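Coordinate inspection notes
Each chain, letter by letter, is given below.
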Amino acid sequence: MAANTETAQPNIVAPAKKPLPAAKNVDSQSVLKRLQSELMALMMSGDSDISAFPEEDNIFIWKGTIKGSKETVFEGTEYKLSLSFPNDYPFKAPKVKFETTCFHPNVDVQGNICLDILQDKWSSAYDVRTILLSIQSLLGEPNISSPLNPQAAQLWGNQEEYRKMVEKLCKFQDA
């Protein structure tokens, strides 16, 4: 007769796995996908007066360029910009600054830009292309009632003198 070899096994319960903070990973992945998609759309857009690309291996930091629109005092100028995207982009606006000196009523000497869509009017529907086109448009159509550069705002009414100031700054940067 065989002996009963069944022994009572202790009731071992594996500890519950804590959920990983996946939201952070998912968010950064969705931001990454969004920025990659925006980069492709910008490259395919055919816009010759605006461009932007990630800086080296960091897709959250971009360098952009905009050219001054025709028939404005900025025609023939090219400006470099930096774009820094937050981890919760597109729900928060990127930080955008002029790297090239820009004499403009809505741009201060540090390159900060006063543009409503980069602040309180931001929408997740905006993309890099929209931002660059809006800044390009702002160059020729400043908001004089909300100047960051009072000297530029005051001079704006005299386009001939204003153009001279812009040309002077451009020549200074090219030297």
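It should be noted that the structure appears before, not after, this text.
Our subject in this report is the structure included herewith. These numbers come from a predicted model, not from an experiment.

**Description of the sheet that holds strand S2 (residues 58–67)**
Reading across the sheet, the four strands line up as S1-S2-S3-S4 and stay open at both edges, with antiparallel pairing between neighbours. The two strands at the open ends of the sheet, each matched to only one other strand, are strand S1 (50–55) and strand S4 (95–98). Each neighbouring strand pair of the sheet contributes to a mean axis angle of 25°, computed without reference to strand direction. Looking at chain direction, strand S3 (residues 78–84) and S4 are connected through four bridges and run antiparallel. Looking at the pairing, Ser-84 lines up with Lys-95 of S4.

**Describing a nonpolar patch on the surface**
On the surface, Met-40, Met-43, Met-44 and Phe-53 cluster together into a nonpolar patch covering about 450 Å² of accessible area. The dominant element in the nonpolar patch, judged by the number of residues it contributes, is helix H1 (residues 22–44), at three residues. Tracing the sequence through the fold places Met-43 in helix H1. The exposure class of Met-43 is partly exposed, given its relative accessible area of 45%.

Conventions and cut-offs
Residues numbered from 1 in each chain as written. Predicted model: local features only at pLDDT ≥ 70, side-chain atom pairs only at ≥ 80, totals over all residues. Heavy atoms only, no water. Pairing = 2+ DSSP bridges. Helix = DSSP H or I, 4+ residues; strand = E, 2+ residues; numbered from the N terminus. Axes fitted to C-alpha atoms, helices over the stretch in contact; angles between N-to-C directions. Patch = residues over 30% accessible without salt bridge, like charges linked within 9 Å, V, L, I, M, F, W, Y side chains within 5 Å. Areas by Shrake-Rupley, 256 points an atom, 1.4 Å probe, with all protein chains shown as cover. Salt bridge = Lys/Arg side-chain N within 4 Å of Asp/Glu carboxyl O. Buried < 20%, exposed > 50% of the residue type's maximum accessible area, 1.4 Å probe, protein only.

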